[in-house]
Amino acid sequence: MAPTSTCLAFLVMLALWSCSAASRGVLLNDVEITMLARHEQWMYLHGRVYKDATEKEKRFNVFKENVKYIEQFNKGGNQPYKLSVNEFADLTNEEFKATRNGYKGLCLEDKLARATAPSTFKYENVSAVPSTMDWRKKGVVTPVKDQGQCGCCWAFSAVAATEGIHKLKTGKLISLSEQELVDCDTKGVDQGCEGGLMDDAFHFIMSNKGLDTEINYPYKGVDGTCNAKKASTHAAQITGFEDVPANSEAALLKAVASQPVSVAIDAGGSDFQFYSSGVFTGSCGTDLDHGVTAVGYGVSNDGMKYWLVKNSWGTSWGESGYIRMQRGVDAKEGLCGIAMEASYPTA
């Protein structure tokens with residue numbers, strides 16, 4: 001059977017790479033050739049094109065090290081979660097964090113103010129919550145979105161929480177505009193692709209008297225000029241927002257049992273970059289750098305409690321864009337700091 005044009009192209013590229021390596025005095029062993037083939041296949045799968053041979057070689061070396069790390073981790077077999085060679089496999093961890101994480105975190109003054117502020121936690125007196133919750137099954141969560149190479153996770157987190165409370169209030173699930181926040185919410189801490197805070201996004205939504213729809217004000221993935229006309233169209237509104245009492249998974253559970261909640265986490269590790277499935281129990285700190293949305297909780301088949309978290313890195317990451325993170329850990333901050341700076345909009 002004659003090889004297809006795609007196969008021929010692949011073989012030609014592999015031959016050229018091998019010749020290039022040979023011209024530099026580099027001898028490729030079978031393992032290296034296999035890895036080159038895997039990289040070419042991965043490039044084809046994800047539509048990756050590099051500007052020149054130098055960049056391609058650089059990316060191949062990063063890819064190779066990441067693959068080795070992922071495979072070594074998975075071979076261990078003693079963790080309740082798996083990693084995969086996903087679309088981020090040719091990025092170093094530092095490069096990945098620079099483009100995909102954008103939560104700025106509260107300054108010390110704001111942390112102190114939050115800790116000493118009078119309690120306005122509306123779910124404080126909730127005495128019983130369901131054993132499991134999945135707001136997706138109740139039609140309260142829009143499909144997973146992709147922020148691309150723009151550090152505006154804060155906007156996606158705030159929008160997801162707003163979409164949720166709007167659905168619970170009105171019965172209508174509407175995909176709202178992150179781009180409006182990126183373009184228009186720029187007078188304070190929030191600075192589009194350079195990062196921001198969910199609480200500040202809620203402030204903007206309140207002062208702007210609402211947000212436009214995703215369809216009318218679509219996401220571009222870059223900083224843009226505020227479209228005042230579109231920003232004056234209000235598809236959903238909130239009346240305020242509240243912070244979940246800090247460092248309390250019990251309080252966070254009450255909130256998530258009642259509505260989707262914006263949470264900040266430390267998502268800076270390689271295991272987060274390549275997370276594929278299972279309940280994440282990986283090592284992480286409390287240097288909050290990523291905004292996501294807690295949309296439920298449950299217990300895995302092997303009895304491990306988890307938070308169900310909606311991310312904004314597309315559906316090819318994690319469990320179709322979601323991650324299950326261990327719940328009920330010894331640290332008061334929760335795993336990766338998930339209980340430190342949670343908040344939710346009010347209808």
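Up top is the structure these notes are about.
So, how was this worked out
- Along each chain, numbering runs from 1 in the same order as the chain's sequence is written.
- Thresholds applied to this predicted model are a pLDDT of at least 70 for local features of residues and 80 or more for the giving and counting of side-chain atom pairs; totals over whole chains, interfaces and linings are not thresholded and use all residues.
- Neither water nor hydrogens contribute to the side-chain values; these are computed over all heavy atoms in the structure.
- A pairing counts as a salt bridge when a side-chain nitrogen of Lys or Arg comes within 4 Å of a carboxyl oxygen of Asp or Glu.
- For every residue, the accessible area (1.4 Å probe, protein chains only) is compared with the maximum for its type, and the residue is labelled buried under 20%, exposed over 50%, or partly exposed between those bounds.
- Elements are defined by DSSP. Helices are runs of H or I of four residues or more, strands are runs of E of two residues or more, and each kind is numbered from the N terminus.
- For each structure, a 1 Å grid was placed over the protein atoms alone; sets of points admitting a 1.4 Å probe that cannot get out are labelled cavities, open sets with protein on both sides within 12 Å along at least five of seven lines are labelled pockets, and lining residues have an atom within 4 Å of a point.
- Grid points are joined across faces, edges and corners, and a volume is the space filled by probe spheres set on the points.
- Each residue is assigned to one of three groups, with Ala, Val, Leu, Ile, Met, Phe, Trp, Tyr, Cys and Pro labelled nonpolar, Asp, Glu, Lys and Arg labelled charged, and all others, Gly among them, labelled polar.
- Angular values range over 0 to 180 degrees, each being the angle between N-to-C directions of two axes fitted as lines to C-alpha atoms, with helices fitted over their stretch in contact.
- Just so you know how the angles are binned, under 35 degrees is roughly parallel, over 145 roughly antiparallel, 65 to 115 roughly perpendicular, and the rest oblique.
- Each crossing is labelled by how the near helix is turned from the far one, with a counterclockwise turn of less than a right angle marking it left-handed and a clockwise turn marking it right-handed.
- Note on contacts: a residue pair is in contact if any heavy atoms of the two residues lie within 4.5 Å.

Caption draft 1: Examining the pattern of salt bridges more closely. If you walk through the whole model with that rule in mind, you get 13 salt bridges. Note that D134 is salt-bridged to R136, the shortest N-O span being 2.9 Å. What makes D134 buried here is its relative accessible area of 14%. Here R136 falls in the partly exposed class, since its relative accessible area comes to 35%. K145 is the partner of E163 in a salt bridge, and the nearest nitrogen-oxygen pair spans 2.9 Å. Taken together, the residues E163 in helix α6 (residues 153-170) and K145 in the loop between β2 (133-134) and α6 connect sequence positions 18 residues apart. Here E163 falls in the buried class, since its relative accessible area comes to 1%. Ionic contacts of the salt-bridge type, sharing partners, join the residues K145, E163, E178 and E214 into one network.

Caption draft 2: Geometry of the layout of surface pockets. Quantified by volume, the second largest pocket comes out at close to 250 Å³. For the second largest pocket, the lining is made up of 13 residues, of which R48, E87, D90, L91 and Q149 are closest to its centre. Ranked by the residues each element gives to the lining of the second largest pocket, the list is headed by helix α4 (residues 93-100), at four residues. By residue class, the composition of the lining of the second largest pocket is four nonpolar, two polar and seven charged.

Caption draft 3: Quick look at the packing of α6 against helix α8 (residues 198-207). Two elements in contact, α6 and α8, have axes whose closest approach is 9 Å; the angle formed by their N-to-C orientations is 55 degrees. In terms of orientation, α6 and α8 fall into the oblique class. You can see that α6 and α8 cross each other, and the crossing is right-handed. Contact residues: α6 offers W154, S157, A158, A161 and T162, while α8 offers M198, A201, F202 and I205. Among the residues making up the contact of α6 with α8, the classes are represented as seven nonpolar, two polar and no charged.

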